[in-house]
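# Structural overview
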Amino acid sequence: MILEDNPVIREVLTEVLREMGARVESRGHAVGVEGFLESNPDIDLLVFDIDLPERTGRACLEELRAEGVDIPCVLITGGASEPPRLDRTAFLRKPFRIETLRESISSLLG
(Lines give C-alpha, C1' and ligand atoms only; values in the text may rest on other atoms or scores of the structure.)
Protein backbone atom coordinates (compact mmCIF):
# COMPACT_ATOMS: atom_id res chain seq x y z
CA MET A 1 0.00 0.00 0.00
CA ILE A 2 1.37 3.38 -1.04
CA LEU A 3 0.35 6.67 0.57
CA GLU A 4 1.84 9.59 -1.39
CA ASP A 5 0.12 12.89 -2.16
CA ASN A 6 2.30 13.75 -5.16
CA PRO A 7 0.72 11.89 -8.13
CA VAL A 8 3.98 11.70 -10.10
CA ILE A 9 5.91 10.18 -7.20
CA ARG A 10 2.97 7.89 -6.39
CA GLU A 11 3.01 6.57 -9.97
CA VAL A 12 6.78 5.97 -9.91
CA LEU A 13 6.50 4.10 -6.60
CA THR A 14 3.62 2.06 -7.99
CA GLU A 15 5.62 1.09 -11.07
CA VAL A 16 8.67 0.09 -9.03
CA LEU A 17 6.59 -2.15 -6.76
CA ARG A 18 4.75 -3.69 -9.70
CA GLU A 19 8.10 -4.42 -11.38
CA MET A 20 9.05 -6.21 -8.16
CA GLY A 21 5.97 -8.40 -8.57
CA ALA A 22 3.63 -6.68 -6.12
CA ARG A 23 -0.06 -5.93 -6.39
CA VAL A 24 -0.30 -2.28 -5.45
CA GLU A 25 -2.98 -0.18 -3.80
CA SER A 26 -2.29 3.55 -3.62
CA ARG A 27 -3.86 6.67 -2.17
CA GLY A 28 -3.03 10.33 -1.88
CA HIS A 29 -3.96 10.54 1.81
CA ALA A 30 -3.88 8.56 5.06
CA VAL A 31 -7.54 8.98 6.02
CA GLY A 32 -9.27 5.63 6.60
CA VAL A 33 -6.17 3.46 6.29
CA GLU A 34 -7.12 1.32 9.30
CA GLY A 35 -10.42 0.29 7.72
CA PHE A 36 -8.72 -0.45 4.41
CA LEU A 37 -6.13 -2.67 6.09
CA GLU A 38 -8.85 -4.51 8.02
CA SER A 39 -10.63 -5.23 4.73
CA ASN A 40 -7.37 -6.21 2.98
CA PRO A 41 -5.36 -8.38 5.39
CA ASP A 42 -3.04 -9.53 2.60
CA ILE A 43 -1.12 -6.22 2.53
CA ASP A 44 2.58 -7.08 3.03
CA LEU A 45 4.24 -3.66 2.80
CA LEU A 46 3.43 -0.02 3.48
CA VAL A 47 5.14 2.89 1.72
CA PHE A 48 4.07 6.11 3.41
CA ASP A 49 5.04 9.69 2.68
CA ILE A 50 5.53 11.42 6.02
CA ASP A 51 4.16 14.79 4.89
CA LEU A 52 0.58 14.10 3.83
CA PRO A 53 -2.38 16.47 4.01
CA GLU A 54 -4.93 16.04 6.81
CA ARG A 55 -3.02 13.23 8.55
CA THR A 56 0.68 12.56 8.29
CA GLY A 57 2.05 9.22 7.25
CA ARG A 58 4.10 9.16 10.44
CA ALA A 59 1.01 9.71 12.65
CA CYS A 60 -0.84 7.04 10.70
CA LEU A 61 1.98 4.53 11.13
CA GLU A 62 2.40 5.31 14.83
CA GLU A 63 -1.34 4.71 15.36
CA LEU A 64 -1.19 1.46 13.38
CA ARG A 65 1.77 0.27 15.45
CA ALA A 66 -0.08 1.17 18.68
CA GLU A 67 -2.99 -0.98 17.46
CA GLY A 68 -0.64 -3.92 16.87
CA VAL A 69 -0.30 -3.65 13.08
CA ASP A 70 3.23 -4.86 12.37
CA ILE A 71 3.35 -4.58 8.56
CA PRO A 72 6.81 -3.42 7.41
CA CYS A 73 6.88 0.21 6.26
CA VAL A 74 9.13 2.45 4.21
CA LEU A 75 8.64 6.05 5.33
CA ILE A 76 9.69 8.68 2.80
CA THR A 77 9.97 12.43 3.06
CA GLY A 78 11.22 15.44 1.19
CA GLY A 79 11.15 17.52 4.36
CA ALA A 80 13.38 17.84 7.35
CA SER A 81 11.62 15.17 9.40
CA GLU A 82 13.77 13.09 11.70
CA PRO A 83 13.58 9.33 11.19
CA PRO A 84 11.13 7.81 13.63
CA ARG A 85 12.26 4.96 15.85
CA LEU A 86 9.67 2.35 14.92
CA ASP A 87 10.13 -1.39 14.50
CA ARG A 88 10.08 -2.83 10.99
CA THR A 89 10.44 0.62 9.44
CA ALA A 90 12.94 2.02 6.93
CA PHE A 91 13.40 5.72 6.23
CA LEU A 92 14.27 7.36 2.91
CA ARG A 93 14.76 11.04 2.21
CA LYS A 94 13.67 12.34 -1.22
CA PRO A 95 15.19 12.34 -3.69
CA PHE A 96 16.40 8.77 -3.39
CA ARG A 97 17.63 6.24 -5.91
CA ILE A 98 15.16 3.56 -7.03
CA GLU A 99 17.78 0.95 -6.16
CA THR A 100 17.88 2.28 -2.59
CA LEU A 101 14.09 1.85 -2.39
CA ARG A 102 14.35 -1.71 -3.70
CA GLU A 103 17.09 -2.50 -1.19
CA SER A 104 15.03 -1.09 1.69
CA ILE A 105 12.01 -3.15 0.64
CA SER A 106 14.07 -6.33 0.28
CA SER A 107 15.65 -5.78 3.68
CA LEU A 108 12.28 -5.23 5.37
CA LEU A 109 10.65 -8.24 3.74
CA GLY A 110 13.65 -10.49 4.36
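What comes next concerns the included structure. Because the structure is predicted, anything quoted here is derived from the model rather than measured.

## Overview of helix α4 (residues 98–109)
With 12 residues, α4 should reach 16 Å at 1.5 Å per residue; the first-to-last C-alpha distance of 17 Å fits that figure. Turning to α4, its buried residues are L101, S104, I105 and L108. The arc enclosing the buried residues of α4, seen along the axis, measures out at 95 degrees, which places them on a common side. Tucked into the core, α4 has its buried residues touching α1 (7–19), β4 (73–77) and β5 (89–93). In the segment just after α4, G110 is the residue with positive phi, at about 75 degrees.

## Quick word on the side chain of R65
Looking at the secondary structure, you find R65 in helix α3 (residues 57–66). Buried within the structure, R65 lacks any salt-bridge partner; D70 is the closest side chain of opposite charge, at an N-O distance of 4.5 Å. Contact partners of R65, with chain neighbours within four places excluded, come to D70, I71, P72, C73, D87, R88 and T89.

## Considerations on the state of the cysteines
Here a disulfide denotes one covalent bond, and it connects the sulfur atoms of two cysteines. In the structure shown here, the tally under the stated rule is zero disulfides. As a non-bridged cysteine, C60 has C73 as the owner of its nearest cysteine sulfur, 8.4 Å distant. The class of C73 is buried, set by a relative accessible area of 0%.

## Topic: the packing of α1 against α4
α4 packs onto α1 with a crossing angle of 55 degrees between their chain directions and a minimal axis gap of 11 Å. It follows from the interaxial angle that α1 and α4 lie oblique. Crossing geometry of α1 relative to α4 is assigned as right-handed. In this structure, α1 uses V12, L13, V16, L17 and E19 to contact α4, whose residues at the interface are I98, L101, R102 and I105.

What counts as what
- Residues numbered from 1 in each chain as written.
- Predicted model: local features only at pLDDT ≥ 70, side-chain atom pairs only at ≥ 80, totals over all residues.
- Heavy atoms only, no water.
- Helix = DSSP H or I, 4+ residues; strand = E, 2+ residues; numbered from the N terminus.
- Expected span 1.5 Å × (residues − 1).
- Buried < 20%, exposed > 50% of the residue type's maximum accessible area, 1.4 Å probe, protein only.
- Arc of directions from axis to C-beta.
- Contact = heavy atoms within 4.5 Å.
- Lys, Arg positive; Asp, Glu negative; His and termini not counted.
- Salt bridge = Lys/Arg side-chain N within 4 Å of Asp/Glu carboxyl O.
- Disulfide = S-S within 2.5 Å.
- Axes fitted to C-alpha atoms, helices over the stretch in contact; angles between N-to-C directions.
- Parallel < 35°, antiparallel > 145°, perpendicular 65-115°, else oblique.
- Left-handed = near helix turned anticlockwise from the far one by under 90°.

Taken by themselves, the reported measurements are silent on function.
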